[in-house]
Amino acid sequence: MGPVMVVSLLLGLSAGGVWWWKQRLSSETPPSTAEQHATAPVAQGPGDAGSTAAAPPNPPAPAPAAPVDPLMAAGLSRASIRVDGPLETAVTAAAGPEVGPALAQVVTRTLVWWVDVPGDIRRGDTLDVLYQVRPNEEPLVHAVRFTSGKTGQTHRTYRFQPEGDKNPRYYLPSGEELELRLENSPLDDYEQVTSLLRDGRRHKGVDFKTAVGSPVKAPFTGIVRRKNWSFRFNGNCIELEEVGGKHRRALFLHMDELPRSLKVGDRVNMGAVIGRSGNSGRSFAPHLHYQLEAGDERVLDPYESHRTYRRSLAATQRAAFEAEMRRQDGLLGTTLAGG
């Protein structure tokens, strides 16, 4: 073997030894942290073999709450009315045919304390009415705002029941009752006057809405002239003729059963209880019909024959009433009907 072959053989053995040494070192050295992270297997759930698990999506943002209608929350409705013809037509157009005719009658009971109906109702008059629809009953009016061309004023009234009072009533912003009361009235208390001579219904008397059994008193000293005539229409009834004075006659209709002790020809003193209110005869709800006639049978208006007055809220009730008035004004809205 020549020298050249010996040198070549030695160089080849040296290179192979270096390669073997590097391979041994690489197999004994642990992988770096970065390499561990790069090669770490990704955890997979059942059924996710061969795919990378995705992050769960963000939940959708909740939908904004629907605004609460304050009228609906209060169980009330509002009608904004401009009069361009008959009052009932205007109210029906605003409230609908199912409620409108009855609502017009109920609203009229408030309007008659400000103007004559229908004579003083003019085109362009406006009404805002806050009311409650009740099954099988007439609508219940809570507040009325009336702008009158006749008076040139905006009139307002609110239904309110003072603490301790038996009945709710309608009050003016001043704290006075809307309705006038009669001195020497046949009833000490009642809920509402539901009919007057000047309300356009051609009714001959005043109807007081009151519970069955309310004491009925003689408005003057008089003689009992009749009992229970035309029972089908009048129900239990009494006619009382005034002793002296103007010789007026007072008729009380739709009463409860009359006391047997009360007889035709009896004399009764002013303020004496002659019976109790009822719902007899042609009557659709408990009330007392009170009718006055002159000696010649002319129908008289009790609100012209009696002295009248208005009651006011006690000072202790003012704060509660004003709070209720603000609440109802808010439900009525600040803009007048058609305005």
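Calculation notes
Residues numbered from 1 in each chain as written. Predicted model: local features only at pLDDT ≥ 70, side-chain atom pairs only at ≥ 80, totals over all residues. Heavy atoms only, no water. Helix = DSSP H or I, 4+ residues; strand = E, 2+ residues; numbered from the N terminus. Buried < 20%, exposed > 50% of the residue type's maximum accessible area, 1.4 Å probe, protein only. Contact = heavy atoms within 4.5 Å. pLDDT = per-residue confidence, 0-100. Pairing = 2+ DSSP bridges. Axes fitted to C-alpha atoms, helices over the stretch in contact; angles between N-to-C directions. Phe/Tyr/Trp six-rings, centres within 6.5 Å; stacked < 30°, edge-to-face > 60°. Core = buried A, V, L, I, M, F, W, Y, C linked by side-chain atoms within 4.5 Å. Salt bridge = Lys/Arg side-chain N within 4 Å of Asp/Glu carboxyl O. Expected span 1.5 Å × (residues − 1). Arc of directions from axis to C-beta. Polar contact = N/O pair within 3.5 Å; in protein donor to acceptor, adjacent residues only side chain to side chain.

Undergrad: I keep staring at the overall build of the chain and nothing clicks. Help me out?
TA: Of the regular secondary structure elements, the chain holds 8 helices and 17 strands. Within the chain, the proportion of its 339 residues that are buried is 40%. The long-range fraction of contacts in the chain, counting pairs at least 24 apart against all pairs at least 6 apart in sequence, stands at 59%.

Undergrad: What should I look at first to understand the confidence of the model for the chain in this one?
TA: Regions with low pLDDT carry predicted coordinates that are not meant to be interpreted in detail. Per-residue pLDDT for the chain averages 86, and the proportion of residues at 70 or more is 82%. pLDDT under 50 marks residues 3–22. Its contacts with residues more than four places away, or in other chains, come to 1 contact. Confidence drops under a pLDDT of 50 for residues 32–43, and excluding neighbours within four residues, the segment shows 2 contacts in the predicted structure.

Undergrad: Honestly, the sheet that holds strand β3 (residues 140–147) in this entry has me stumped. Any pointers?
TA: Paired through backbone hydrogen bonds, the strands of a sheet run either parallel or antiparallel to each other. What the 5 strands build is an open sheet, ordered β1-β2-β3-β4-β5; its pairing is antiparallel. Sheet topology places β1 (77–82) and β5 (169–171) at the edges, where each strand pairs with a single neighbour. Ignoring which end each strand starts from, the neighbouring axes of this sheet average 20 degrees apart. Packed onto the sheet, helix α4 (residues 87–95) meets β1 and β2 (126–132) and runs at close to 135 degrees relative to β1.

Undergrad: Would you mind showing me how to read the packing of aromatic side chains here?
TA: To describe a pair of aromatic rings, you give the distance between the ring centres and the angle between the ring planes. All told, the structure shown has 8 aromatic pairs when counted by the stated rule. Pairing tryptophan 114 with phenylalanine 146 gives two aromatic rings, centres 6.3 Å apart and planes at 20 degrees, and the pair type is stacked. With tryptophan 114 in the loop between α5 (100–111) and β2 and phenylalanine 146 in strand β3, this pair connects stretches of sequence that are 32 residues apart. Neither residue differs from the other here; tryptophan 114 and phenylalanine 146 are each classed as buried. Plain terms: the ring middles of phenylalanine 160 and tyrosine 171 are 6.1 Å apart, the flat faces sit at 75 degrees to each other, and that makes the pair edge-to-face.

Undergrad: Before we go on, may I ask you to explain the nonpolar core in this structure?
TA: In globular proteins that are soluble, nonpolar side chains generally tend to be buried together. By size, the foremost hydrophobic cluster in this structure holds 55 residues, and its most contacted members are Leu103, Leu111, Leu127, Val141, Phe208, Phe252 and Tyr303. Here this core takes 5 residues from α5, the largest share from any one element. Apart from residues no more than four positions distant in its own chain, leucine 111 is found in contact with Leu87, Val117, Ile121, Leu127, Val144 and Phe146. The next biggest cluster of nonpolar side chains, apart from the first, holds 12 residues, and it includes Leu76, Ala143, Tyr158 and Leu331.

Undergrad: What should I look at first to understand the pattern of salt bridges in this one?
TA: The final tally for this structure, using the stated rule, is 20 salt bridges. Across the salt bridge formed by glutamate 137 and arginine 134, the nearest N and O atoms sit 3.6 Å from each other. Residue aspartate 329 pairs with arginine 156 through a salt bridge whose shortest N-O separation is 3.4 Å. Highlighted residues: aspartate 329 in helix α8 (residues 318–332) and arginine 156 in strand β4 (residues 154–160), separated in sequence by 173 residues. Its relative accessible area of 29% is what places arginine 156 among the partly exposed residues. Within the structure, one salt-bridge network assembled from shared partners comprises Arg169, Glu177, Glu179, Arg181 and Asp189.

Undergrad: Would you explain α8 in this entry?
TA: Residues separated by three or four positions in an α-helix point in the same direction, a consequence of the helix having 3.6 residues per turn. The terminal C-alpha atoms of α8, which comprises 15 residues, lie 21 Å apart, in line with the 21 Å expected from a rise of 1.5 Å per residue. Along α8, the residues classified as buried are Phe321, Glu324, Met325, Gln328, Leu331 and Leu332. In an axial view of α8, the angular spread of the buried residues amounts to 125 degrees, which keeps them on one side of the axis. The outward face of α8, more than 90 degrees from its buried face, is lined by the exposed residues Ala319, Arg326 and Gly330. Those residues of α8 that are buried lie in contact with α3 (70–74), β1, β2, β3, β4 and β5. In the segment just after α8, glycine 333 is the residue with positive phi, at about 95 degrees.

Undergrad: When you look at the environment of valine 99 in this model, what are you seeing that I'm missing?
TA: Residue position: valine 99 is located in the loop between α4 and α5. The class for valine 99 is buried, based on a relative accessible area of 15%. Residues valine 99 and valine 133, spaced 34 residues apart in sequence, show a C-alpha to C-alpha distance of 7.7 Å. If we ignore the near neighbours within four places in the chain, the residues touching valine 99 are Tyr131, Val133 and Pro139.

Undergrad: Would you mind going over the side chain of asparagine 234 with me for this structure?
TA: Here asparagine 234 is to be found in helix α6 (residues 231–234). Polar contacts involving the side chain of asparagine 234 include one to the main-chain carbonyl oxygen of tryptophan 229, which spans 3.2 Å. The contact partners of asparagine 234, leaving out residues within four places of it in the chain, are Trp229, Leu253, His254, Ser280 and Gly281.

Undergrad: I keep staring at the pairing of strand β12 (residues 249–255) and nothing clicks. Help me out?
TA: Look at any regular strand and the pattern is simple: side chains alternate between the two faces of the sheet. Counted residue by residue, β12 has 7 buried out of 7 residues, so it is predominantly covered. Taken together, the 5 bridges between strand β11 (residues 236–242) and β12 define a ladder with antiparallel strand orientation. Within β12, the residue paired with isoleucine 238 across the bridge is phenylalanine 252. The loop that links β11 with its antiparallel partner β12 comprises 6 residues; one of these, glycine 244, has a positive phi angle of about 70 degrees.

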